[in-house]
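Spelled out from the first residue to the last, the chains are:
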Amino acid sequence: MQIDRAGLAEFLRRRRESLQPEDVGLPRGQRRRTSGLRREEVATLCHISADYYSRLERERGPHPSEQMIASIAQGLHLSHDERDHLFRLAGHHPPVRGGSGEHISPGLLRIFDRLTDTPAEIVTELGETLRQNRLGVALNGDLTRFTGPARSIGYRWFTDPACRALYHPDDHPMHSRVFASGLRHVVTLRGPRSRAAHLQSLLLESSAEFRAVWNEHEIGIRYAHLKRFVHPEVGALELTCQALLDPDQGHSLLVYTAVPGSDSYGRLELLGVVGAFDGGP
């Protein structure tokens, strides 16, 4: 496929001009004269330089890679159809849709962008964290920093002892059952050649505990919404975890809340002041 520079530039301009700051979680400010977002704001959302983005809108610059186009599609909060169109304009085949995709739907992002006073994150069906808000990082550490199989919290749970330090020791067996049960569900859903099946093989080879739990063949094991944390800065936390599922992509928006007036509620407020810590599961 060949890049359509004129079509790409026009599409980027139209999408940028159609977005307002509040649509993407940015403050509007009092001196805004631009219709829609500024180029530098889009560049920040896409994690690219403002100069690089500006050249794309001016039909200039190098041929953007698939990774770059994926980042731009996410930063502009494109729908899946719009994302696929952007890929074709840039001369690339669109990614395959389904549970292995990492493009977050605009609707889920709009909800996520408005969650500023409670921990929240967006995860894949394999427990890979795609987005965290500030309080989400403060609670769990930066979970987006992991690469390879370690991106999955289920994989880290059975291979990295440090992963367990954030959770109450009495709950560790339940976590193991939930992660193994969840992986079994995804392996069955996605098939023997999926990334889930690859994680299964790695864990069967490297973790005796995983092998023991896996051999129980449990399915449908879930938490009772309440999760107990042992945070290194604020101490014990009992938080309710609510999940909003995007069935098209298999992504979940996880939101952690505490009962108003409880000790955990006060500690969660303190967490917002203390900020992020360096660890994390």
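Residues numbered from 1 in each chain as written. Predicted model: local features only at pLDDT ≥ 70, side-chain atom pairs only at ≥ 80, totals over all residues. Heavy atoms only, no water.

## Regarding the overall build of the chain
- In terms of helices and strands, the chain carries twelve helices and five strands.
- Rg of the C-alpha trace for the chain: 21 Å, near the compact-globule value of 19 Å for 281 residues, within the 12% margin.
- Its C-alpha atoms put the chain at 60 × 45 × 30 Å along the principal axes.
- At a minimum sequence separation of 6, the contacts of the chain that also span at least 24 residues come to 58%.
- Counting 35 positive and 35 negative side-chain charges, the chain places the centres of these two groups 5 Å from one another. (Helix = DSSP H or I, 4+ residues; strand = E, 2+ residues; numbered from the N terminus. Rg over C-alpha atoms; globule rule 2.2 N^0.38 Å. Contact = heavy atoms within 4.5 Å. Lys, Arg positive; Asp, Glu negative; His and termini not counted. Charge placed at Lys NZ, Arg CZ, Asp CG, Glu CD.)

## Some thoughts on the pairing of strand 3 (residues 226-231)
- Side chains Lys227, Phe229 and His231 of strand 3 all project onto a buried face; the interleaved residues Leu226, Arg228 and Val230 project onto a face where none is buried.
- Relative to strand 4 (residues 235-246), strand 3 runs antiparallel, the two being bridged by six bridges. Note that in strand 4 the partner of Val230 across the bridge is Ala236.
- Hairpin connection, strand 3 to strand 4: the antiparallel pair is bridged by three residues. (Buried < 20%, exposed > 50% of the residue type's maximum accessible area, 1.4 Å probe, protein only. Pairing = 2+ DSSP bridges.)

## Structural notes on unusual backbone geometry
- Positive phi, normally seen in glycine, also occurs at His77, with a value near 55 degrees.
- Relative to the elements of secondary structure, His77 occurs in the loop between helix 4 (66-75) and helix 5 (80-89).
- Of note, His217 is a non-glycine position whose phi angle comes to about 55 degrees, a positive value.
- Examined against the element boundaries, His217 turns out to sit in the loop between helix 11 (208-214) and strand 3.

## Describing the sheet that holds strand 2 (residues 129-132)
- Taking strand neighbours across the sheet as the criterion, the five strands line up as 2-1-5-4-3 in an open arrangement whose pairing is antiparallel. The sheet is open, and its two borders are formed by strand 2 and strand 3, each paired with just one other strand. The average angle at which neighbouring strand axes cross in this sheet is 30 degrees, direction not considered.
- Set on the sheet, helix 6 (residues 106-113) makes contact with strand 1 (120-123), strand 2, strand 4 and strand 5 (251-257); between it and strand 1 the angle comes to about 160 degrees. (Axes fitted to C-alpha atoms, helices over the stretch in contact; angles between N-to-C directions.)

## Details of helix 6
- Along helix 6, the positions that sit buried rather than exposed are Pro106, Leu108, Leu109, Phe112 and Asp113. Considered in projection along helix 6, the buried side chains sweep an arc of 160 degrees and stay on one side of the axis.
- The inward-facing, buried residues of helix 6 contact helix 4, strand 1, strand 2, strand 4 and strand 5. (Arc of directions from axis to C-beta.)

## Regarding the pairing of strand 4
- Here strand 4 runs beside strand 5; their pairing, made up of seven bridges, is antiparallel. When the sheet's bridge partners are listed, Asp246 is paired in strand 5 with His251.
- Where strand 4 folds back onto strand 5 in an antiparallel hairpin, the turn is made up of four residues, including Gly250, whose phi is positive at roughly 75 degrees.

## Some remarks on the side chain of Thr129
- For Thr129, the location among the structural elements is in strand 2.
- Each residue touching Thr129, except ones within four places of it in the same chain, is listed here: Glu121, Ile122, Val123, Leu143, Thr144 and Arg151.

## Overview of the nonpolar core
- In this structure, Leu139, Leu183, Phe210, Phe229, Leu239 and Tyr256 are the most contacted members of the largest nonpolar core, which totals 34 residues.
- Elements that contribute at least two residues to this core include exactly helix 7 (134-140), helix 8 (153-159), helix 9 (172-190), helix 10 (195-206), helix 11, strand 4, strand 5 and helix 12 (263-274).
- In terms of residues, this core owes the most to one element, helix 9, which gives five residues.
- Setting aside chain neighbours within four positions, we find Leu239 in contact with Leu139, His225, Leu226, Lys227, Phe229, Tyr256, Thr257, Ala258 and Leu268.
- Within the second largest apolar cluster, 23 residues are counted, among which are Leu37, Val42, Ile72 and Leu86. (Core = buried A, V, L, I, M, F, W, Y, C linked by side-chain atoms within 4.5 Å.)

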